[in-house]
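For reference, the chains in residue letters:
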Amino acid sequence: MKRILFLILNLFLVNLFQAQTFYNEWINYSQSYYKIPIAKEGVYKIDSLKLAKAGIPIGTIDPNNIQLFHKGQELYIHITGATDGVFNSNDYILFYADKNTCK
């Protein structure tokens, strides 16, 4: 009887440890990601020049495929000039974000 109880307890504990969530399930490891530091809450505008200066290859990215995430949740963004599928000099991204916090 003790062996059966021990076996059931071990199976339960193994299943419990496998069910942990790490909150990075949204990451697609075949894509490139870039960090944007956010110092305070507000609306942000990032134009093509800022993206290029940050080393982002804007000539190879379709603006319609850009996504922003904060704490694992996708943010709503507005991209001006994305209809042609190319980042031009007048194109920019608008989004609202809370400040980054370490928890």
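In the block above lies the structure referred to throughout.
Visitor: Please explain the overall build of the chain as it appears in this structure.
Guide: Along its length, the chain carries 2 helices and 5 strands. Burial analysis of the chain (103 residues in total) assigns 17% to the buried set. For the chain, contacts bridging at least 24 residues in sequence account for 55% of all contacts bridging at least 6. Carbon and sulfur atoms form 60% of the exposed surface of the chain, whose accessible area is close to 8,700 Å².

Visitor: What is the right way to look at the packing of aromatic side chains in this model?
Guide: In this description, an aromatic ring pair is defined by two values, namely the gap between the centres and the angle between the planes. Here the structure, examined in full by the defined rule, presents 1 aromatic pair. In this structure, Lys-45 packs its charged tip against the face of Tyr-92, placed 4.3 Å from the ring centre.

Visitor: Any chance you could explain the sheet that holds strand β4 (residues 77-80) here in plain terms?
Guide: Strand order in the open sheet formed by 3 strands is β1-β5-β4, and the pairing between neighbours is antiparallel. At either margin of the open sheet sits one strand with a lone partner, and together these are β1 (42-47) and β4. With strand direction ignored, the average angle separating the axes of adjacent strands in the sheet is 20 degrees. Summarising the sheet, β1 and strand β5 (residues 92-97) pair through 6 bridges and their orientation is antiparallel.

So, how was this worked out
- Residues numbered from 1 in each chain as written.
- Predicted model: local features only at pLDDT ≥ 70, side-chain atom pairs only at ≥ 80, totals over all residues.
- Heavy atoms only, no water.
- Helix = DSSP H or I, 4+ residues; strand = E, 2+ residues; numbered from the N terminus.
- Buried < 20%, exposed > 50% of the residue type's maximum accessible area, 1.4 Å probe, protein only.
- Contact = heavy atoms within 4.5 Å.
- Areas by Shrake-Rupley, 256 points an atom, 1.4 Å probe, with all protein chains shown as cover.
- Phe/Tyr/Trp six-rings, centres within 6.5 Å; stacked < 30°, edge-to-face > 60°.
- Lys NZ or Arg CZ within 6 Å of the ring centre and 35° of its normal.
- Pairing = 2+ DSSP bridges.
- Axes fitted to C-alpha atoms, helices over the stretch in contact; angles between N-to-C directions.

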